[in-house]
Amino acid sequence: MNPFRHLLKAAGAQPPIGTWIMSASPLVAEALGCAGFDWGVVDMEHSPLDMRDVVHLLQAVGNTKMVPVVRVPWNEPVMVKRVLDAGATTVLFPFVQSAAEAAAAVAATRYPPEGLRGMAGMSRATRYGTRPDYARHANREMGVIVQLETAAALDALDEICAVDGVDA
């Protein structure tokens, strides 16, 4: 099961506690992971983080129990593909306004025929080609969080929540 989804299901009466990672320092990310947070958002939207930084932060957090969530700068499939290839398993999509935008976010995280993610056999996500079953299981292992930031998005809440593949 996707690690973030597992946190949500296992939460019970105590919700998982998270934080935001806006520093490009892997040491800061690792320290936050060691501090006991359940999840941490690696924020590409409102920070100067680039893809190299994201890889380093995912590596640092990977040594802790903290589940990384990568917030992409926008609901754009090429950026999503790069983040997933870097090893992210849960993506936070900012400024989702409609069910159509939520469906586009889910599609960006899925291989065809369920989505439009492209294949990279030697990526960090595939453990550099050593996980031969990655493509077969990746679609169901991806986590998608959509961020509703406006009144219009809240008006579309029920429709957005009904989109298959939206986890939070």
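Quick caveat: nothing in here was measured; it's all calculated off a predicted structure. (Residues numbered from 1 in each chain as written. Predicted model: local features only at pLDDT ≥ 70, side-chain atom pairs only at ≥ 80, totals over all residues. Heavy atoms only, no water.)

Student: Tell me about the pairing of strand β2 (residues 39-43), and name the residues and values.
Tutor: Among the five residues that make up β2, five are buried, leaving the element largely enclosed by the rest of the structure. Burial of the side chains of β2 extends over both faces: Trp39, Val41 and Asp43 are buried on one face and Gly40 and Val42 on the other. Handedness of the crossover joining strand β1 (residues 18-21) and β2 through helix α2 (residues 26-34) is recorded here as right-handed. Bridging between β2 and strand β3 (residues 67-71) involves five bridges; their strand directions are parallel. Looking across to β3, one finds that Val41 is bridged to Val69. (Buried < 20%, exposed > 50% of the residue type's maximum accessible area, 1.4 Å probe, protein only. Helix = DSSP H or I, 4+ residues; strand = E, 2+ residues; numbered from the N terminus. Right-handed = clockwise from strand over helix to strand, strands pointing away. Pairing = 2+ DSSP bridges.)

Student: Go over the layout of surface pockets with me, naming the residues and quoting the values.
Tutor: Of the volumes computed, that of the largest pocket is approximately 470 Å³. Lining the largest pocket are 21 residues, and of these Pro3, Pro68, Gly87, Ala88 and Thr89 sit closest to its centre. Counting only elements with at least two residues in the lining of the largest pocket, the list comes to α3 (51-61), β3 and α6 (134-141). (1 Å grid on protein atoms, 1.4 Å probe; cavity = no way out; pocket = protein on both sides within 12 Å on 5 of 7 lines; lining within 4 Å. Points joined across faces, edges and corners; volume = space filled by probe spheres on them.)

Student: Describe the nonpolar core, with residues and values.
Tutor: One finds Ile21, Met44, Val70, Val83 and Phe93 to be the most contacted residues of the largest nonpolar core, which totals 39 residues. At the level of secondary structure, the elements contributing two or more residues to this core comprise α2, α3, α4 (77-85), β4 (90-93), α5 (99-108), α6 and β5 (143-146). In terms of residue count, the dominant contributor to this core is α3 (six residues). What Met44 contacts, discounting residues up to four positions off in sequence, is Leu49, Asp50, Met51, Val54, Val70, Arg71, Val72, Pro73, Met79 and Val83. Core analysis: the second largest hydrophobic core is formed by eight residues, Phe4, Val67, Leu92 and Ile145 among them. (Core = buried A, V, L, I, M, F, W, Y, C linked by side-chain atoms within 4.5 Å. Contact = heavy atoms within 4.5 Å.)

Student: Lay out the sheet that holds β1 in plain terms, naming residues and giving numbers.
Tutor: The strand order β1-β2-β3-β4-β5 describes an open sheet built from five strands, whose pairing is parallel. Because the sheet does not close on itself, it has two edges, and the strands there are β1 and β5. Taking the axes of each pair of neighbouring strands and ignoring which way they run, one obtains an average angle of 25° across the sheet. When β3 meets β4, the two strands line up parallel, connected through two bridges. By the bridge assignment, Val70 is partnered in β4 with Val91. The strands touched by α3 are β1, β2 and β3; relative to β3, the strand with the most contacts, the crossing angle is about 165°. (Axes fitted to C-alpha atoms, helices over the stretch in contact; angles between N-to-C directions.)

Student: Please set out the pattern of salt bridges residue by residue, giving values where relevant.
Tutor: This structure, assessed with the given rule, holds seven salt bridges. In this structure, the salt-bridge partner of Arg117 is Asp85, at a minimum N-O distance of 3.3 Å. With a gap of 32 residues between them, Arg117 in the loop between α5 and α6 and Asp85 in helix α4 connect regions that are remote in the sequence. The two residues Arg117 and Asp85 agree in class, both being buried. (Salt bridge = Lys/Arg side-chain N within 4 Å of Asp/Glu carboxyl O.)

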